[in-house]
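Architecture at a glance
For reference, the chains in residue letters:
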Amino acid sequence: MNDYMMRKLVKQVLFLLITILFTVMILFTVTTSVGAEPALQPTPVPRQPPRLDIEYLPKLALVELEFTPGNVEFNSGYITKGYSSGSEQAPPGLQVQLLDYVGKIIESFNLYNPLIQDRINPDGTHSQSMLSKAEAKINFAFVAIMKTMRLVDTNNAKTLVEIDLEPLFKSYCLENPNDLDCVADLVPFFFHPGWEIDNPTLSPDMGRLTVKVVIQNIGGNVSSRGVPVLVTLSTDDRQREVLASRRFRITTALLPGQEYTRDVVFMLRNDIPEGLYWLEANVDPNNEFKDLAHSNNVITVHVMIRRP
Amino acid sequence: MWLKGQLARCTLTAKLPQFVSVGLLISLLIISPTLALQPQESSLARVTITVEKLDLFECDDVTTTPDPYVRVMINGENLNPGNREIDYYESPTYPRQGYSTYVNLAQKTVDMAIELYDADDPWSDDDHCDIFAGEGRNLALRLDLETCAITGDVTSQCNVYLETQGTGGEAATIGFRVDVDNFLTPGVQVRCTHDPIKPQPGDTVTISAEVFDDDFTQLAVSQVEIYVDPMTAPVATATNADWTIFSITPTVNEFSYYCRAVTASNAVEETPWHVVPVGYNRPVIPVVYTTENRTNALDVVFIADRNSYSGSNDTQFLTAVADMIRNGFYGENIFLKGGARTNFWIARDTGEVGPGDACKLGGPDHWGDSTFAFANVGVIVTTGAGGCARRSRRLLSVTAGDFNVVRHEVGHAPFGLADEYDKNGGSSCYFQPDPNPNIYETEGDCHDDLANLNRVGSTCRRFEVNYPPVCDGPGIWWTSEPATNDMMNDNLEPQAADLRSINYYFDQCGKGGC
């Protein structure tokens, strides 16, 4: 191969290499540009502006605590409609815990000690002082499974104050009975003219013992018909042997504040000994119906039975 | 032979640069247009699933109250990790809870899933509702980011109301929409404002759109646009410009607008809708309302200092508020981007700063009650000395026009950042924020966090604070933030730890946690 041929060959090889290089570069730029090219949005898709939500508000709990050095007390609280600010960062030491009906913590957040007061001095420096009294207003989004708010001193593992949220929610439900969380709260009690509050005396008449049971709705609007009530009379010993029981159903839906009254008649043995017995009424004993607070579904009273 | 070979090599070597030059030239010619199409980084868009209707139907447990919650997944991210419940009040058509996150447009499609549950009593498992008539109980959807088409269990479009119902023993109905908005392009920022800030009936309102780069230098783009609801075409367009304006005299009790920039490569940067009520008279009045459900937004309430202004309608106060929004919040990248998740309000009643102490703050009437419980922070604007955050009361004081200070103080509340300086001989009850600390109790903690802040190899600096007797804690603190040009030190630029906290907070807003 002479020099001319050699040069020609090298030229051809070089040209080929450069062509390959160009091709690779072109392919590379095309593929990368396709991969990274933004989705084009030259014309925006019509969409709704946000709606001013001043009517359809969720539930909000507000609790006011009063702090004095070494002590915290519950001042007031209520549940209303509104948004919560949510929890912000605060130093460890004071923790708010929100618990459900079995005492499980649903949510917790730290709280600033309101007794510590920051100030900027005339020379521009910061200083702090301890107030003798201060209020803390705590807010949080309320959900119906919340039962308790607790404030804990986490440094000393000490509960400073514990607030039952159930009464606050009941008050809310009386004002907002249409809230779907505001189901009825059926509470039983016994009523009979002449009864003492505790240890009433009952006298069977021809073996028949009649008691008057009243069921009142102290909760919200959402109530069912046909809620069962179980009324029992049992012995006053450790066995609590059931001597007689009667079951009936509340035949109507109860509006807030409404009552349903029913006479319950027990047939007793003629030789039933005189003395103390337990009388109990249990609304919805198998938890088949919605109730704002199942904890107040049972009433048990001591009764004295005497023969006429 | 050797000479000839050398000559040939020399000739080739001499011509080689020509080949290469020609090659490079051709390559550049080919590459240049495609380079122009590529953004510097990937562009983003916000994808929001808003639940608008729930009917638990068969899924509603007869023995417990209805406690619905949804689990929304967008791009593999669970946007309700705490199973936060939706309030099921009165009409079940109004929960309107939003779940949003930002996605990279380069990925073309986004997978989404919606699950509905009814929380049961603490003794039982939650009911898993069936919200889809086909197989499975959940909804699986795919969003095409280029066409906005939705496929999967539902075939539709984004920004359209959708409703599905399941069958069987746990059947329930869910109504929702998938929105795509707030396109973000690196290196481009749009500031969208209106004046007057609290318009009254009959006022002419000027809407301004301004375009900047990341350093807040004005940036000319192909198009700057302003949209006003219900128009789908821009009401104002400027070509090869960095700003445009539009004037409107609202004839209804509220109006909405947003602004948009389109670059030469068709990349888009846009703001969310700004809803502005006209002539409202309530204890607290929204002036820039971007986010419907307030758990999805940082809600900032401006309060007039009664020692500085005649009231909340004082024009000087309203000008100060407009400036605070425009130059304080929208004058810094992260707050401008976060503007998509920020609502601004004005309290009708006045508050108070001092006198004589910028930390002595009094909110308006009912501050702390239900009227203002939604407020993440109240900013009391004063013409006197300001610059203090009372975090226990969610209140700040800021001097009108002090834009760096308002960013510093909101760094404290609500973003949870600590000061990073020694208080000039004064004292403070410092604590290490958790999560996302910007100061640390030990040097070790500070070092351990360097990698998370992309500061591997950096050092931590120490500073001392006099600890007052009223609070426990160390007087020596550590931080990896710079000693100068830092938001929580000299009130200037937000640095890595600041940005982490602020971004975390806005992410929580997207999950209904604000």
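In case you missed it, the structure is sitting above this.
What this report covers is the structure whose coordinates are included nearby.

Criteria and thresholds
- Residues numbered from 1 in each chain as written.
- Chains lettered and ligands numbered in written order.
- Predicted model: local features only at pLDDT ≥ 70, side-chain atom pairs only at ≥ 80, totals over all residues.
- Heavy atoms only, no water.
- Helix = DSSP H or I, 4+ residues; strand = E, 2+ residues; numbered from the N terminus.
- Buried < 20%, exposed > 50% of the residue type's maximum accessible area, 1.4 Å probe, protein only.
- Contact = heavy atoms within 4.5 Å.
- Areas by Shrake-Rupley, 256 points an atom, 1.4 Å probe, with all protein chains shown as cover.
- Pairing = 2+ DSSP bridges.
- Axes fitted to C-alpha atoms, helices over the stretch in contact; angles between N-to-C directions.
- Salt bridge = Lys/Arg side-chain N within 4 Å of Asp/Glu carboxyl O.
- Disulfide = S-S within 2.5 Å.
- Phe/Tyr/Trp six-rings, centres within 6.5 Å; stacked < 30°, edge-to-face > 60°.
- Lys NZ or Arg CZ within 6 Å of the ring centre and 35° of its normal.
- Lys, Arg positive; Asp, Glu negative; His and termini not counted.
- Polar contact = N/O pair within 3.5 Å; in protein donor to acceptor, adjacent residues only side chain to side chain.
- Expected span 1.5 Å × (residues − 1).

1. Section: the overall build of chain A
- A count of helices and strands for chain A gives two helices and 17 strands.
- Burial analysis of chain A (308 residues in total) assigns 46% to the buried set.
- In chain A, 64% of the contacts between residues at least 6 apart in sequence involve partners at least 24 apart.
- Of the roughly 15,700 Å² of accessible surface on chain A, a fraction of 54% belongs to carbon and sulfur atoms.

2. Topic: the overall build of chain B
- If you tally the helices and strands in chain B, you get six helices and 29 strands.
- Residue burial in chain B is summarised as follows: out of 514 residues, 58% are buried.
- A sequence separation of at least 24 residues applies to 64% of the contacts in chain B between residues at least 6 apart.
- Summed over its atoms, the accessible surface of chain B is roughly 19,900 Å², and 50% of this surface lies on carbon and sulfur atoms.

3. Comments concerning the sheet that holds strand 4 (residues 97–104) of chain B
All names here are of chain B.
- Taken in spatial order, the four strands line up as 4-1-11-10 in an open sheet, and their pairing is antiparallel. The outermost strands of the open sheet, each flanked by one partner alone, are strand 4 and strand 10 (161–165). Within this sheet the neighbouring strands show an average axis-to-axis angle of 25°, counted without direction.
- Where strand 1 (residues 44–55) and strand 4 come together, eight bridges link them in antiparallel fashion. When the bridges of strand 4 are listed, Ala45 appears paired with Val103.

4. Describing the pattern of salt bridges
- Scanning the model with the defined rule gives 33 salt bridges over all chains in all.
- When the shortest N-O distance is used, the salt bridge between Arg71(B) and Glu115(B) registers 3.7 Å. Here Arg71(B) is found in strand 2 (residues 68–74), whereas its partner Glu115(B) is found in strand 5 (residues 109–118), with 44 residues between them in sequence.
- By relative accessible area, which is 24% here, Arg71(B) ends up partly exposed.
- What makes Glu115(B) buried here is its relative accessible area of 16%.
- One network of salt bridges, with partners in common, ties together Arg51(A), Glu52(B), Arg96(B), Arg177(B), Asp179(B) and Glu292(B).

5. Re unusual backbone geometry
All names here are of chain B.
- Omega for the bond connecting Asp195 with Pro196 falls within 30 degrees of zero, at 5°, which places this linkage in the cis form.
- Between Gly354 and the following residue, Pro355, the backbone shows a cis peptide bond with an omega angle of 5°.
- Here Pro355 is to be found in the loop between strand 23 (352–353) and strand 24 (361–362).
- One non-glycine residue, Asn485, adopts positive backbone phi at about 55°.
- Overall, Asn485 belongs to the partly exposed group, its relative accessible area being 35%.

6. Structural notes on the state of the cysteines
Residues and elements named next belong to chain B.
- Throughout the structure, instances matching the rule amount to eight disulfides over all chains.
- For Cys192, the disulfide goes to Cys259, at an S-S distance of 1.9 Å. Because the torsion about its S-S bond is 65°, the bridge between Cys192 and Cys259 counts as right-handed. Here Cys259 lies in strand 17 (residues 254–262) and Cys192 lies in strand 12 (residues 189–195), a separation of 67 residues in the sequence.

7. A few points about the packing of aromatic side chains
All names here are of chain B.
- In total, this model carries 24 aromatic pairs over all chains according to the counting rule given.
- Ring centres 6.1 Å apart and planes at 25° place the aromatic pair Phe255 and Tyr257 in the stacked group.
- By relative accessible area, which is 5% here, Phe255 ends up buried.
- Under the relative-accessibility criterion, Tyr257 is labelled buried at 0%.
- On the basis of an interplanar angle of 75° and a centroid distance of 5.0 Å, the ring pair of Phe415 and Tyr505 is categorised as edge-to-face. Placement of the pair is Phe415 in the loop between helix 4 (403–412) and helix 5 (443–448) and Tyr505 in helix 6 (residues 496–510), with a sequence separation of 90 residues. Neither residue differs from the other here; Phe415 and Tyr505 are each classed as buried.
- Cluster of aromatic residues (ring-pair linked, three or more members): Phe302, Phe329, Tyr330, Phe335, Phe344, Phe415, Tyr505 and Phe506.
- A cation over a ring is seen here: Arg294 above Phe374, with NZ or CZ 4.7 Å from the ring centre.

8. A look at the side chain of Asp305(B)
Residue and element names in this part refer to chain B.
- Here Asp305 is to be found in the loop between strand 21 (298–304) and helix 2 (315–329).
- The buried charged residue Asp305 lacks any salt bridge partner; its closest oppositely charged side chain belongs to Arg306, at an N-O distance of 6.5 Å.
- For Asp305, the side chain forms a polar contact with the main-chain nitrogen of Val353, separated by 3.1 Å.

9. As for the sheet that holds strand 10 (residues 186–191) of chain A
All names here are of chain A.
- If you walk across this open sheet you meet the three strands as 10-12-15, and the pairing is antiparallel. With partners counted over all chains shown, the strands left at the sheet margins are strand 10 and strand 15 (259–267), one partner each. Neighbour-to-neighbour, the strand axes of the sheet open up by a mean angle of 30°, direction not taken into account.
- Bridge count between strand 12 (residues 208–217) and strand 15: nine bridges; the pairing is antiparallel. Of the residues in strand 15, the one forming a bridge with Ile215 is Tyr260.

10. A closer look at helix 6 of chain B
All names here are of chain B.
- For helix 6, built from 15 residues, the straight-helix expectation of 21 Å at 1.5 Å per residue is met to within 8% by its first-to-last C-alpha distance of 21 Å.
- Looking at the packing, one finds that the buried side of helix 6 touches strand 4, strand 21, helix 3 (333–337) and strand 22 (342–347).
- Immediately beyond the C-terminal end of helix 6, within one or two residues, lies Gly512, with a positive phi of roughly 80°.

11. Focus: the pairing of strand 5 (residues 116–120) of chain A
- Sheet analysis places strand 5 of chain A next to strand 6 (residues 126–130) of chain A, joined by five bridges and oriented antiparallel. Within the sheet, the bridge partner assigned to Ile116(A) lies in strand 6 of chain A and is Met130(A).

12. Things to note about the environment of Val214(A)
- Residue placement: Val214(A) occurs in strand 12.
- Taking the relative accessible area as the measure of exposure, Val214(A) reaches 4% and is therefore buried.

13. Some words on helix 2 (residues 166–175) of chain A
- All of the buried residues in helix 2 of chain A are Glu166(A), Leu168(A), Phe169(A), Lys170(A), Tyr172(A) and Cys173(A).
- Looking at the buried positions of helix 2 of chain A, the neighbouring elements they touch are strand 1 (59–68), strand 2 (71–81), strand 8 (146–153) and strand 9 (158–164) of chain A.

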